[in-house]
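Reading the structure
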Amino acid sequence: MACATRCPRRSTCVNDTACRCDPGFTSSSGEVFTSILERCYDINECAPPSPVSCGKFAECHNTEGSYHCTCSPGYRLVSGATKFRDESENTCQDVDDCTLGKYPCHKSTYCLNIVGGFKCLCRPGWKPVFGSPNGPQNTVCEEEISFPNWTMPHETNSSNLSQFFKRVQVLHRNFSPARAQDTIQSVIKVVDELLETPGDLDTLPRSQQHYVATNLLTGLERVFRELSKALPKGPRHFSAAGGTEMSLEVMEQGGKNITLSVNQTKMLLDWDTMQESGDSGTSVVGLVFSPGMGKLLAEAPLVLETEEQVVLHETQKGISPILLSDVVSAFVSNQNTQNLSSPVTFVFKHSMIPGPRQKVFCVFWEHGQTEYGNWATKGCWVAFTNDTSTTCQCTHLSSFAILMAYYDVQEEDPALAVITYVGLSLSLLCLLLAALTFLLCKAIQNTSTSLHLHLSLCLFLAHLLFLTAIDRTELKVLCAIIAGALHYLYLASFTWMLLEGLHLFLTARNLTVVNYSSMSRFLKTFMLPVGYGVPAVIVAISAASRPHLYGTPTRCWLRPEKGFIWGFLGPVCAILSVNLTLFLVTLWILKSKLSSLNSDVSTLQNTRMLTFKAIAQLFILGCTWCLGILQVGPATLTMAYLFTIINTLQGVFIFLVYCLLSQQVREQYRRWLQRVRKDQVEPEKYTLSSRVMPETS
């Protein structure tokens, strides 16, 4: 069959007289045509009266010779594909454009998902900038700035305070963002005048004055935080004639370190820390000081954390501190600053030099604990202090003032101090004699003697360092090193006490066994790594995690803040518990052995000596510290004296039990004395003979 000489494009030959358009194309004469003038053109399957239907939430797209369906904007196929053929393959469903991929709206707006799309709307309290729509993707907003409500505290009768709030209300009514700088200056001025000449505020009860101070601190924070957002970018400083001043910085969101200063106080913070909540737009950080605020807060109570109360022997619910610095208020535009990942640093100048028996605190004003407010220390600590200044760090910011206070620390009992120094001096002598005995007396050298030697050395060094350096607090770094060394030496002493208890238990357990060399080899292999390595690991972890908590203002020891003292008390309590258990089990073994012994006198004496040493070991190594834990209630003083006497004489007890009561050691002492006497007699004989020889000659 011959074909037409020429068929147009997008068609194929049917026979010698006809052509057929390709699928998806047609001619004016239909699919098949004979005229050489005909042309094939694309069929629009998406246009009526086409039978093609893509279904709901979908659109038809015509292509040359074909078509395909896609989901409408804001929808997508369940399978994730982009195209489908017809309604039977339609699985289009709405997608949340606000959470899909990159955030589609400007950072000053929030995204609202709607069916098939989304809107970018201004957040509550914000409005579109001039010329910007409210809803489309290109919406940009700015915060609506207004003067916050600030009212007089209830049930406070003061004409001066009433007049102050009347002036504040005038500023509130006349405020406009364009006059923000003048309004801030006016607020500074009226606050300054109120605190410089408080008038009848001075006659209010102290609790009412604290109530007024709380209102002023929180109100100033809210007002300055809000009004400062209308200021141009950059640093600003406001002051009044009476000394009230504020330093602030207005900036776009972005990370840098900021330092603000007012009067004799400095604040340093990391801006990224302040912006963790993701606030956008203008950001503000400020520091406010008013010299009259400290007078309103005079005699306010200080609520300490439980650990600080225990250390300072504080039994009352609160104490009245003395202000040692300016009272300042810190604020930032982000209000979520109660648990900062990086602390804010404050440097305060002292108004007086603290006494030698007075403690410095970093505190803030809190009105949630009591009805009228109080100082609190939670979340704040002293990073550095000397006679003229103190550096504080806090993990929160609020409307509360940050300041320092101090009060007299309870004086030590002079009798306890004398007992401590005399007892430790005697113990040092006995521990030195015991260590020399264990080292030089060959007859008694074994695993048990090695344990006694290392225990004596650790206690000797710990007591010596305690006696000579516990009060060396002048240099903070040196004091921290001394505290770390004491931490290690006392932990090492308790670890050797644990090994002593374990050795005594194993000895009693193997009393009837002639050779228990495997136990001795085990202890000899592991006692040095355990005795010195375990305390080193504990101290290393403590020092690496919180090195600033080594050294207190009055002692070179561990601070109680954040449970740091449990880096010592935890292992000690665990060791005492294990030793007590081993002691009871050892007594049970020895009791059973005593009841089953025959008339073998030497074995009986051996067992009785072990029993005596077990009781003596509990008394020397465990009872002492248990008495320290029992220093509570009406028996505190009695327990304190018992604890001090027994603990300071620990070295004496070790020398008595392990040296003087040992028959082998006494025999060695006798031989040493005989040798010394013999050495003294020999020179005398030689001298006498040398004198006689010339006379006879």
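Residues numbered from 1 in each chain as written. Predicted model: local features only at pLDDT ≥ 70, side-chain atom pairs only at ≥ 80, totals over all residues. Heavy atoms only, no water.

1. Points about the sheet that holds strand β22 (residues 344-349)
Let me state the cut-off plainly: Strands are treated as partners if at least two bridges between them are detected by DSSP. A run of DSSP states H or I qualifies as a helix once it reaches four residues; a run of E qualifies as a strand once it reaches two. Both are numbered from the N-terminal end. In this analysis an axis means a line fitted to C-alpha atoms, helices contributing only their contacting stretch, and an angle means the value between N-to-C directions, from 0 to 180 degrees.
If you trace the five strands from one edge of the open sheet to the other, you get β16-β17-β22-β26-β25, paired in antiparallel fashion. At either end of the open sheet lies a strand with only one pairing partner, and these are β16 (257-262) and β25 (380-385). The sheet shows a mean angle of 20° between the axes of neighbouring strands, direction not considered. Bridge count for β16 against strand β17 (residues 265-270) is six bridges, and the pairing is antiparallel. Paired with N257 across the bridge in β17 is D270.

2. Remarks on the packing of helix α2 (residues 180-196) against helix α3 (residues 206-227)
Geometrically, a packed helix pair is captured by the angle between its two axes and the distance between the axes. Definition in use: An angle below 35 degrees is treated as roughly parallel, one above 145 as roughly antiparallel, one from 65 to 115 as roughly perpendicular, and anything else as oblique. By definition, any crossing whose near helix is turned counterclockwise from its far helix by less than a right angle is left-handed, and any crossing with a clockwise turn is right-handed. Whether two residues are in contact is decided by their heavy atoms: any pair within 4.5 Å suffices. Each residue is assigned to one class: nonpolar for Ala, Val, Leu, Ile, Met, Phe, Trp, Tyr, Cys and Pro, charged for Asp, Glu, Lys and Arg, and polar for all the others, Gly among them.
Contact pair α2 / α3: the axes reach a minimum separation of 10 Å and the direction vectors enclose 165°. Relative to α3, the element α2 is oriented roughly antiparallel. Pair α2 / α3 crosses with left-handed handedness. Two secondary-structure elements touch here, α2 through A180, T183, I184, V187, I188, V191, L194 and L195 and α3 through L216, L220, V223, F224 and L227. The class makeup of the residues in the contact of α2 with α3 is twelve nonpolar, one polar and no charged.

3. A short note on the pairing of strand β11 (residues 117-122)
Where strand β10 (residues 109-114) lies against β11, six bridges are found, and the strand directions are antiparallel. The residue of β11 that forms the bridge with T109 is C122. The antiparallel pairing of β10 with β11 creates a hairpin that spans two residues between the two strands, and G116 there sits at a positive phi of about 80°.

4. A few points about the state of the cysteines
Stated formally: Our working definition of a disulfide is a cysteine sulfur pair at a distance within 2.5 Å. Burial here depends on accessible area, computed with a 1.4 Å probe over protein chains only, as a share of the maximum for the residue type. Under 20% is buried, over 50% is exposed, and the range in between is partly exposed.
Applying the stated rule across the entire model yields eleven disulfides. Between C71 and C92 runs a disulfide, and the two sulfur atoms are separated by 2.0 Å. Between C71 and C92, the disulfide has an S-S torsion of -90° and is therefore left-handed. Residue C71 is found in strand β7 (residues 66-71), and its partner C92 is found in strand β9 (residues 92-94); the two are separated by 21 residues along the sequence. As far as the burial class goes, C71 and C92 line up, both buried. The disulfide that involves C105 links it to C120, with 1.9 Å between the sulfurs. Across the S-S bond of C105 and C120 the torsion is about -80°, and the bridge reads as left-handed. Of this pair, C105 sits in the loop between β9 and β10 while C120 is found in strand β11, placing the two residues 15 residues apart along the sequence.

5. A few points about the packing of aromatic side chains
For any two aromatic rings, the description comes down to two numbers: the centre-to-centre distance and the angle of the planes. Rule in force here: Aromatic pairing here means that ring centres of Phe, Tyr or Trp (its six-membered ring) are within 6.5 Å. Orientation follows from the plane angle: under 30 degrees is stacked, over 60 is edge-to-face, and everything else is tilted. For a ring to carry a charge above it, either NZ of a lysine or CZ of an arginine must fall within 6 Å of the ring centroid while also lying within 35 degrees of the normal to the ring plane.
On inspection of all chains with the given rule, the structure shows 13 aromatic pairs. Consider the rings of W150 and F165, whose centres lie 5.7 Å apart with planes at 85°: the pair is edge-to-face. Residue W150 is found in the loop between β13 (141-143) and α1 (159-173), and its partner F165 is found in helix α1; the two are separated by 15 residues along the sequence. F165 sits in the buried class, given a relative accessible area of 5%. A connected cluster of aromatic rings, assembled from ring pairs, spans W150, F164 and F165. A cation over an aromatic ring shows up here: R85 above the ring of Y67, its NZ or CZ 4.2 Å from the ring centre.

6. Overview of helix α9 (residues 476-509)
Every α-helical turn comprises 3.6 residues, leaving residues that sit three or four positions apart pointing alike. Note the following rule: Helix span is expected to be 1.5 Å times the residue number reduced by one.
Between its first and last C-alpha atoms α9 spans 49 Å; for 34 residues at 1.5 Å apiece the expected length is 50 Å, and the two agree. Judged by how many residues are buried, α9 sits mostly within the fold: 24 of 34 residues are covered.

7. Brief notes about a nonpolar patch on the surface
Quick note on the threshold: The patches described consist of residues with a relative accessible area above 30% and no salt bridge, like charges being joined within 9 Å and nonpolar side chains (Val, Leu, Ile, Met, Phe, Trp, Tyr) within 5 Å. With residues, only the protein chains shown are counted as cover, and all accessible areas are computed by Shrake-Rupley using a 1.4 Å probe. Any carboxyl oxygen of Asp or Glu within 4 Å of a side-chain nitrogen of Lys or Arg constitutes a salt bridge here.
On the surface, L432, L436, L439 and L440 cluster together to form a nonpolar patch covering roughly 350 Å² of accessible area. With respect to the helices and strands, L432 occurs in helix α7 (residues 414-440). Overall, the relative accessible area of 38% leaves L432 in the partly exposed class.

8. Description of the packing of α1 against α2
Between α1 and α2, whose axes approach to 10 Å, the crossing angle comes to 175°. Taken together, the axis directions place α1 and α2 in an arrangement best described as roughly antiparallel. Contact residues: N160, L161, F164, R167 and L171 in α1; T183, S186, V187, V190, V191, E193 and L194 in α2. Classifying every residue of the contact of α1 with α2 by side-chain character gives seven nonpolar, three polar and two charged.

9. Things to note about helix α14 (residues 650-660)
With eight of eleven residues buried, α14 lies mostly within the body of the structure. Among the residues of α14, those classed as buried are Q650, G651, V652, I654, F655, V657, Y658 and C659.

10. Quick word on the pattern of salt bridges
Inspection of every chain in the model, using the stated rule, returns eight salt bridges. The salt bridge partner of R167 is E193, with a shortest N-O separation of 2.7 Å. One end of the pair, R167, is in helix α1; the other, E193, is in helix α2, and 26 residues separate them in sequence.

11. Remarks on unusual backbone geometry
A positive phi angle, near 70°, is found at R10, a position not held by glycine. Mapping R10 onto the fold places it in the segment before β1 (11-13). Since its relative accessible area comes to 22%, R10 is described here as partly exposed. A positive phi is found at N263, a non-glycine position, where the angle reads about 50°. One can find N263 in the loop between β16 and β17.

12. Regarding the sheet that holds strand β4 (residues 32-33)
Either a parallel or an antiparallel arrangement is found when strands of a sheet pair, and the pairing is made through backbone hydrogen bonds. Strand order in the open sheet made by the three strands is β1-β2-β4, with antiparallel pairing throughout. Two strands close off the open sheet at either side, each with one partner strand: β1 and β4.

13. Re the environment of I444
With respect to the helices and strands, the residue I444 is situated in the loop between α7 and α8 (447-469). For I444, a relative accessible area of 8% corresponds to the buried category. Every residue in contact with I444, bar those within four places of it in the chain, is listed here: T437, F438, T449, Q664 and V665.

14. Re the side chain of T244
Heads up, the condition is: N or O atoms within 3.5 Å of each other form a polar contact, as long as, within protein, one can give a hydrogen and the other can take it, and as long as residues adjacent in sequence are counted only when both atoms are side-chain atoms.
Within the secondary structure, T244 sits in the loop between β14 (234-239) and β15 (245-252). Exposure remark for T244: the relative accessible area of 2% places this residue in the buried category. Within polar-contact distance, the side chain of T244 engages the side chain of D192 at 2.8 Å. There is a polar contact of 2.8 Å between the side chain of T244 and the side chain of S290.

15. Some details on the confidence of the model for the protein chain
The test is simple: Note: pLDDT gives the predictor's confidence per residue, expressed from 0 to 100.
Predicted confidence across the protein chain gives a mean pLDDT of 80, with 80% of residues reaching 70 or more. The secondary-structure element of the protein chain with the lowest mean pLDDT is strand β27 (residues 401-408), recorded at 47, while α2 shows the highest, at 94. A low-confidence stretch, residues 405-410 (pLDDT under 50), is modelled with 30 contacts involving residues beyond four sequence positions or located in other chains.

16. Section: a positive patch on the surface
Worth spelling out the cut-off: In this tally Asp and Glu are treated as negative and Lys and Arg as positive; neither His nor the chain ends contributes. Lysine's charge is taken at NZ, arginine's at CZ, aspartate's at CG and glutamate's at CD.
Residues R666, R670, R671 and R675 make up a contiguous surface patch of positive charge. Mapped onto the elements, R671 comes out in helix α15 (residues 663-696). We classify R671 as partly exposed; its relative accessible area is 39%.

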